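# Per-entry structural report
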Amino acid sequence: MRKRVLGFLVALAAIAASLYVLELAGLSPAMLIGTTLFAMTPLVFAAVGECINEKAGIINIGLEGILLITSFAGVFGARHFQNWAAGLGFGLLVGTLIGFLFSVISVYGLADQFVAGIGINILAAGIIPYLLMAVFAFPGLHVLSEGLMVPRISTPLGSLSPLIFVAIIAAVLAYVLLNKTLLGIRIKAAGEKPEALDVAGVGVGLMRVFTSTLGGALCGLGGAFMSLGWFGAITKEMIAGRGFIALAVVVCAGLNPLWALAASFIFGFADALASTVAITPGVKEVIPFYFIQMIPYLVTLVVFAIAIAKRRFPQAAGKPYVRE
Amino acid sequence: MLLAIVLVLSIVACFLPWLKMDAAILGEEQIKRDIYGYDYIVPLGAPYTAPVAILSVIGFILSAYSFKRIQRIRILNVVAGILILVGVIASFGYTASVAFADVFEKGGSFNAWGDYGMGLEALFGLLMIIIGALQKPRVLMKQLLDATKLLRGLARPTAESAVAVLIGLLIGALFMIASGYDPVTAYSALFKGAFGSLSALAETLSFATPLMLTAITFAVGVKSGLFNIGAEGQLYVGAIGAVAVGGAIALPAGLHIAAATVSAMFFGVLWALPVALLKIWRGAHEVISTIMLNWVARFLVIYIAIYLLARPGSAEKTLATLPSARYSLLMSGASLTTVIFVAMAFCIGVYILLWGTKLGYELRLVGTNPDAAHYAGVNTRRAILLSFVIGGLAAGLAGATQVLGRPAWCLYATLGNVIGLGFAGIGIALIGRNHPIGGIFASVFYGGMLHGGRYMEYVEGVCSELVVGIQGVIIIALATPAILSILRRRFK
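Reading the values: the criteria
- Residues numbered from 1 in each chain as written.
- Chains lettered and ligands numbered in written order.
- Predicted model: local features only at pLDDT ≥ 70, side-chain atom pairs only at ≥ 80, totals over all residues.
- Helix = DSSP H or I, 4+ residues; strand = E, 2+ residues; numbered from the N terminus.
- Buried ≥ 20, exposed ≤ 12 C-beta atoms within 10 Å, placed from the backbone.
- Contact = placed C-beta atoms within 7 Å.
- Nonpolar A, V, L, I, M, F, W, Y, C, P; charged D, E, K, R; others polar.
- Core = buried A, V, L, I, M, F, W, Y, C linked by C-beta atoms within 7 Å.
- Pairing = 2+ DSSP bridges.
- Expected span 1.5 Å × (residues − 1).
- Axes fitted to C-alpha atoms, helices over the stretch in contact; angles between N-to-C directions.
- Parallel < 35°, antiparallel > 145°, perpendicular 65-115°, else oblique.
- pLDDT = per-residue confidence, 0-100.

Summing up its helical and strand segments, chain A has twelve helices and four strands in all. Here chain A, with 324 residues, has 56% of them falling under the buried criterion. When contacts within chain A are restricted to residue pairs at least 6 apart in sequence, those whose partners lie at least 24 apart make up 79%.

So this is what it looks like as structure tokens:
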């Protein structure tokens, strides 16, 4: 715990230092923090859902795919109903559905969760370009009209999406759910000692279906945010590894939603840094564009490698529970 | 004795088509007109090649099984195995092309190719006889009995893969219906495009070449208990390594191609090592580290392709590989080159390593039961390192096949000719049941889907990337034992 606090403080100091350097280079720190909040939000949604999920013993590495599918679903819903709220709802719904189906095949179908998760990713990578072509008749890209995006509110950090605050609230609520309620204890029992939970008369499968569905719903909101709240468009490579960065967030946070919020802020900053610096005049001539693009992935890899030590995972994580 | 009969029959069958080719013996050859208005000849040997193909498969399984039985591997068996595999693919190609030429009324001149296949078949038959002569009849009988057992053992995984593939195609069809396409025309275009003519089939095999290698990366990982999905990035790095040696350096003819291939494999391993070391030292899970390195590799390789190895005058491509570093084309009109033999030899080599050596046994033991392996004194770290190194070698070689063994002879700066091949390997490994040899067959199937997908897009307008989606569904179906348990009961 102390090490984690120390690590986070070091990361914050690094962020503050880079903000200072960037201010000298003529970039506004407020704008960069604003972009960080945007970049952080899909990570928070996906990671918080996955924290709850892994606490109950289900590991879903298909977050990347769910984010991509639901960002498409968000655009589709918004276009179909001509309403951004309906788009968000549709993304949420599709995410819920995928989470539910994933839990059914892993709980009742005894599926290998890693393989099924990677299957979701590959399915998304193929089906989204196909649907973009079949529905919008344009290869690999669809841009939303301005009116269908989630309206933004102006703050001192620039105009922000209200969904950013929803994500932060979701992380706090998830923390309360896991640590302060009976349901949270049962969820943790499903991951640590499913036999004990079963003996206590609570269905292990039911708990896992609930967490996976909840995780899918949160991830779906994250995906819909990507297209409707942030980019205002969908491209087939829009997610760009964020699903896996969210997995790294979950590991670094030790399955704690509040730490997931903190870790998402660090990784979100790396993302924002890359996208801001890459278009700053004066910088891109010195450092090639492609090296700047690597920043989020390198930061994730390094932080992940440092933070991984002695992380404890629920004992039954990733294993289907079969009553003996 | 039985085996000897089978062998003699197979050799007779090998030569039958040649006899039938002589039109004087059995009447006229059929002359048909294809859709473009050109006349072409359907050789009469066609119906006789199908049994040959089946016999070669049996022979192949037999020889594969003798690898397993005889722990000391005989060099003859190895040679026979490679020849048989080539023969099988060639004769299947021949059979399929002729059969489909009839069905779809589209074909070309493929007699020469068929003759190659038949020649190899004959050679394989001879080799099998030599091997048979070297062994005692009783041993042969036992092998044959064992082989029938093995065939029964193979029936279940094959059926499971087939069911998963059918589920995938069915869901793909549902998607097509939902978005207003006609799945029947689309799928018939897909299979016609993939296997409908000899050049299509050769193109399919060309697509399969890198896929069987990236499948090895994932399959070897699974065998040692890892989830190695880093083939994508290792393939990019391997491809740029092949360009660097094959395009930028001039070397003597024979040495150049070997050096370029080895360089690709070296860079593939180089990109796999950080993952292995993080796993061994820090316990970092390989899923996250491989994906992050995939993205880093992507930007790094694009940078090198644009700034360091770009072709003067056309920046969208890297330097072309020099002619001395190119694998030669096997036929005109398709991009199949001799690199497929290198790829298949690599797969067979990995098979021998995993099932024929102590090192491979340890690797598999770590995968099935790490605790038992630990207490048996197996060096777990070495096994994990070995698994990543084999994966890196395979993925690097896959990168080389795209640069040194395909007529683009370069790497596109968008990575257009390598992107997605690494991830496709995951599904192929699973369809091939994480077995190097199963992976070869699965890669031919999926290579056909990829190549036929383009024809489907051309004919029916269905976006070819649907094929990738279908693969995702196949993976999910294969991951779920409950879906396949009906079969499990039947084949128990």
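What follows continues from the structure just given.
In this section: the overall build of chain B. Summing up its helical and strand segments, chain B has 18 helices and four strands in all. Long-range pairs, those at least 24 residues apart, make up 79% of the contacts in chain B with a sequence separation of at least 6.

The interface of chain B with chain A comprises 39 residues on the first partner and 41 residues on the second. Among the secondary structure elements, those contributing two or more residues to the side of chain B that touches chain A are helix H9 (253-282), helix H10 (286-308), helix H15 (421-431), helix H17 (466-479) and helix H18 (481-490) of chain B. Taken together, the residues that form the side of chain B that touches chain A break down as 29 nonpolar, eight polar and two charged.

Here the phi dihedral of Leu110 of chain A falls at roughly 50°; this positive angle occurs in a residue that is not glycine. Here Leu110 of chain A is to be found in the loop between helix H4 (84-108) and helix H5 (113-136). The class of Leu110 of chain A is partly exposed, set by 17 C-beta atoms lying within 10 Å. Even without glycine at this site, Trp409 of chain B takes up a positive phi of about 55°. Examined against the element boundaries, Trp409 of chain B turns out to sit in the loop between helix H14 (380-404) and H15. The exposure class of Trp409 of chain B is buried, given the 21 C-beta atoms found within 10 Å.

This part takes up helix H10 (residues 242-252) of chain A. For H10 of chain A, a buried count of eleven out of eleven residues is recorded, marking the element as mostly surrounded by other parts of the structure. Looking only at H10 of chain A, the buried set comprises Arg242, Gly243, Phe244, Ile245, Ala246, Leu247, Ala248, Val249, Val250, Val251 and Cys252 of chain A. Looking at the buried positions of H10 of chain A, the neighbouring elements they touch are helix H2 (29-55), helix H3 (63-81), helix H11 (257-277) and helix H12 (289-307) of chain A together with H10 of chain B. Directly beyond the C-terminal end of H10 of chain A, a positive phi value near 55° is found at Gly254 of chain A.

The next point concerns the environment of Ile105 of chain A. Position of Ile105 of chain A among the secondary structure elements: in helix H4. Using a count of 22 C-beta atoms within 10 Å as the deciding quantity, one classes Ile105 of chain A as buried. Separated by eleven residues in the primary sequence, Ile105 of chain A and Ala116 of chain A have C-alpha atoms spaced 8.5 Å apart. Other than its neighbours up to four places away in sequence, Ile105 of chain A contacts Ala111 and Ala116 of chain A together with Thr480 of chain B.

The next subject is the nonpolar core. Core analysis: the biggest nonpolar cluster contains 250 residues, and Val48, Val249 and Ala260 of chain A have the highest contact counts within it. Per-element accounting of this core gives the leading share, 16 residues, to helix H7 (residues 198-223) of chain B. Apart from the residues lying within four places of it in its own chain, the contact partners of Val249 of chain A are Leu43, Ala47, Ala260, Ala263, Ser264 and Phe267 of chain A.

Our next topic: the pairing of strand E4 (residues 314-318) of chain B. All names here are of chain B. Inspection of the sheet shows strand E3 (residues 310-311) paired to E4 by two bridges, in the antiparallel sense. If you follow Ala310 over to E4, its bridge partner there is Thr318. The loop that links E3 with its antiparallel partner E4 comprises two residues; one of these, Gly313, has a positive phi angle of about 95°.

Now for the environment of Leu386 of chain B. All names here are of chain B. Among the structural elements, Leu386 can be located in helix H14. Residue Leu386 is classed as buried on the basis of its 20 C-beta neighbours within 10 Å. Note: C-alpha distance between Leu386 and Ile288 (98 residues apart in sequence) is 20 Å. With residues near it in sequence (within four places) discarded, Leu386 still touches Leu359 and Leu363.

So, about helix H1 (residues 2-24) of chain A. For an α-helix the count is 3.6 residues per turn, leaving residues at separations of three or four pointing the same way. Residues and elements named next belong to chain A. Its 23 residues give H1 an end-to-end C-alpha distance of 33 Å, which sits within 8% of 33 Å, the value for a rise of 1.5 Å per residue. Among the 23 residues of H1, one are classified as buried, and the element is accordingly described as predominantly exposed. Gly26, located one to two residues past H1, shows a positive phi value of around 100°.

Turning our eyes to something else, we now look at the packing of helix H6 (residues 183-195) of chain B against H7 of chain B. Residues and elements named next belong to chain B. Two elements in contact, H6 and H7, have axes separated by 5 Å at closest approach and are oriented at 85°. Taken together, the axes of H6 and H7 lie roughly perpendicular to each other. Contact residues: H6 offers Gly193, Ala194 and Phe195, while H7 offers Ala200, Leu201 and Thr204. Of the residues belonging to the contact of H6 with H7, the class tally is four nonpolar, two polar and no charged.

Residues and elements named next belong to chain A. Relative to the assigned elements, Leu214 resides in helix H9 (residues 204-231). Owing to 23 C-beta atoms within 10 Å, Leu214 belongs among the buried residues under this scheme. Put simply, Leu214 and Pro296 are 82 residues apart on the chain and 27 Å apart in space, counted from C-alpha to C-alpha. With sequence-adjacent residues up to four places away left out, Leu214 is seen in contact with Gly49 and Ile52.

Now for the confidence of the model for chain B. Residues and elements named next belong to chain B. Overall, the predicted model of chain B reaches an average pLDDT of 77, with 68% of residues at or above 70. Within chain B, the lowest mean pLDDT, 46, falls on strand E2 (residues 39-42), and the highest, 94, falls on H14. Counted against residues more than four places away or in other chains, residues 32-48, with its pLDDT under 50, gives 38 contacts. For this predicted complex, the interface score ipTM comes out at 0.92, while the overall pTM is 0.82.

Moving on: the confidence of the model for chain A. Summarising the model, chain A shows a mean pLDDT of 88, and 98% of its residues fall at 70 or more. Across chain A, the element-wise mean pLDDT spans from 82 in H1 of chain A up to 94 in helix H6 (residues 162-180) of chain A.

Our next topic: the packing of helix H11 (residues 339-356) of chain B against helix H16 (residues 436-460) of chain B. Residues and elements named next belong to chain B. Relative to each other, H11 and H16 sit at 150°, their axes nearing to 8 Å. The orientation of H11 relative to H16 falls into the category roughly antiparallel. On the side of H11, the interface is formed by Met344, Cys347, Val350 and Tyr351, while H16 contributes Pro436, Ile437, Gly439 and Ile440. Among the residues making up the contact of H11 with H16, the classes are represented as seven nonpolar, one polar and no charged.

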